[in-house]
Amino acid sequence: MIDLPTGLTAIVPAAGIGSRMGAECPKQYLPLAGKTILEHTLGCLLSHPAIAQVIVALAPHDGWFDALSIAADPRILRVEGGAERAYSVLNALQVASSDWVLVHDAARPCLCHGDLDALIAAALACDGAILGSRVRDTMKRTDAAGNIVATVEREQLWHALTPQMFPTASLRRALEEGLTLGASITDEASAMERAGFSVRMVEGRADNIKVTRPEDLSLAGLFLDQQNSSFKEPS
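Residues numbered from 1 in each chain as written. Predicted model: local features only at pLDDT ≥ 70, side-chain atom pairs only at ≥ 80, totals over all residues. Heavy atoms only, no water.

1. Digging into the overall build of the protein
A tally of regular secondary structure across the protein gives six helices and 11 strands. Radius of gyration (C-alpha) of the protein: 18 Å, near the 18 Å computed for a compact globule of 235 residues. Principal-axis analysis of the C-alpha atoms gives the protein an extent of 50 × 45 × 40 Å. A burial count over the protein gives 47% of its 235 residues as buried. Here the protein contributes 20 positive and 28 negative side-chain charges, whose respective centroids are spaced 3 Å apart. (Helix = DSSP H or I, 4+ residues; strand = E, 2+ residues; numbered from the N terminus. Rg over C-alpha atoms; globule rule 2.2 N^0.38 Å. Buried < 20%, exposed > 50% of the residue type's maximum accessible area, 1.4 Å probe, protein only. Lys, Arg positive; Asp, Glu negative; His and termini not counted. Charge placed at Lys NZ, Arg CZ, Asp CG, Glu CD.)

2. Digging into unusual backbone geometry
Note that the residue after Thr162, namely Pro163, is joined by a cis bond; omega there is 10°. By secondary structure assignment, the location of Pro163 is in strand β10 (residues 158–167). Its identity is not glycine, yet Ala33 carries a phi of approximately 50°, on the positive side. Here Ala33 lies in the loop between β2 (31–32) and β3 (35–36). One non-glycine residue, Gln156, adopts positive backbone phi at about 65°. Here Gln156 is to be found in the loop between β9 (148–152) and β10.

3. Re helix α6 (residues 214–230)
Helical periodicity: at 3.6 residues per turn, an α-helix aligns residues three or four positions apart in one direction. Counted at 1.5 Å a residue, the expected span for α6 with its 17 residues is 24 Å, and the 26 Å between its end C-alpha atoms agrees. Of all the residues in α6, the buried ones are Asp216, Ala220, Gly221, Phe223, Leu224 and Gln227. As for α6, its buried residues are in contact with β2 and α1 (37–46). (Expected span 1.5 Å × (residues − 1). Contact = heavy atoms within 4.5 Å.)

4. Here we look at the packing of aromatic side chains
The relative placement of two aromatic rings is captured by the distance of their centres and the angle of their planes. Throughout the structure, instances matching the rule amount to one aromatic pair. Measuring from ring centre to ring centre gives 5.6 Å for Tyr29 and Trp64, while their planes differ by 25°; the resulting arrangement is stacked. Of the two residues, Tyr29 is situated in the loop between β1 (8–14) and β2 and Trp64 in the loop between β4 (51–58) and β5 (76–80); the sequence distance between them amounts to 35 residues. On the basis of relative accessibility, which here comes to 36%, the residue Trp64 falls in the partly exposed class. (Phe/Tyr/Trp six-rings, centres within 6.5 Å; stacked < 30°, edge-to-face > 60°.)

5. Focus on the side chain of Arg108
Looking at where Arg108 falls in the secondary structure, it is placed in the loop between β6 (100–103) and α3 (113–124). Classification of Arg108 by relative accessible area gives buried; the value is 8%. A polar contact of 2.7 Å, which involves the side chain of Arg108, links it to the side chain of Asp105. Polar side-chain contacts of Arg108 include one of 2.8 Å to the backbone oxygen of Asn208. Aside from chain neighbours lying at most four places away, what touches Arg108 is Thr41, Ala160, Leu161, Thr162, Asn208, Ile209 and Lys210. (Polar contact = N/O pair within 3.5 Å; in protein donor to acceptor, adjacent residues only side chain to side chain.)

6. Considering the nonpolar core
In this structure, Leu38, Leu42, Leu45, Val54, Val56, Phe65 and Met165 are the most contacted members of the largest nonpolar core, which totals 45 residues. Mapped by element, the contributors of at least two residues to this core are β1, α1, β4, β6, α3, β7 (129–134), β10 and α6. Here the element with the most residues in this core is α1; it accounts for six residues. If we skip the residues at most four places from it in the chain, Val54 touches Ala10, Val12, Leu42, Leu45, Leu46, Arg75, Ile76 and Leu77. In terms of nonpolar packing, the next biggest core, distinct from the first, is built from 22 residues, Ala57, Val79, Leu90 and Leu171 among them. (Core = buried A, V, L, I, M, F, W, Y, C linked by side-chain atoms within 4.5 Å.)

7. Remarks on the sheet that holds β7
Two modes of strand pairing occur in sheets, parallel and antiparallel, and in both the strands are linked by backbone hydrogen bonds. In spatial order, the strands read β5-β4-β1-β6-β10-β7-β11; together these seven strands make up an open sheet with mixed pairing. The open sheet has two free edges, formed respectively by β5 and β11 (200–203), since each of these has just one partner strand. Looking at each pair of strands side by side, their axes are set apart by 30° on average, direction ignored. Pairing of β1 with β4 involves seven bridges; the strand directions are parallel. Bridge pairing links Thr9 to Gln53 in β4. Of the strands in this sheet, β1, β4, β5, β6 and β10 are in contact with helix α2 (residues 85–93), which crosses β1 at around 145°. (Pairing = 2+ DSSP bridges. Axes fitted to C-alpha atoms, helices over the stretch in contact; angles between N-to-C directions.)

Pasting the structure below:
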């Protein structure tokens, strides 16, 4: 049994609109298994014993968050989100109270505590770590017209997931430097990699999916149902 720290801060950038869902509200507020996607995400983080605070970065004119029952939880702190993910995370980092932070996508509601345990343990042993899943399919590269130009070797290729965990001060500096220089920052790990840090990949569960398209909702619901069933006591 690994002794994990307590008092960690989790950051959830939730200022996006999720245009690919084609919904009337941002995707994080879509209903899923009796709650919104965001409520499932925040609930998983808040129920982990290592996490004491969750900072949610919201769009300036967000009209949905206050209606959620979880919004009243005193462990949740709100900040204004930015036009891009990196700005939302950076705004949250300015008020984070712990030496280490975990950044998790608002639309990944199927995160399991076991993955969080493994991520935290790995991150504390190096410069930081992220959850990922191995690429299993054959990978192709195409040209602009969609014609296949190469088959990419999938060995040592990973899908980057979240949470991603790093020292608070180091991540803040890496994001600030990257944004100042106009670098492409696709996730927190890319900013840390660019700054010269060694980032560890931790294999996580493949059901830690990000709800991006309409068909992902039913899949996430299935995964949540399976996870809940596995925790029920036998009768």
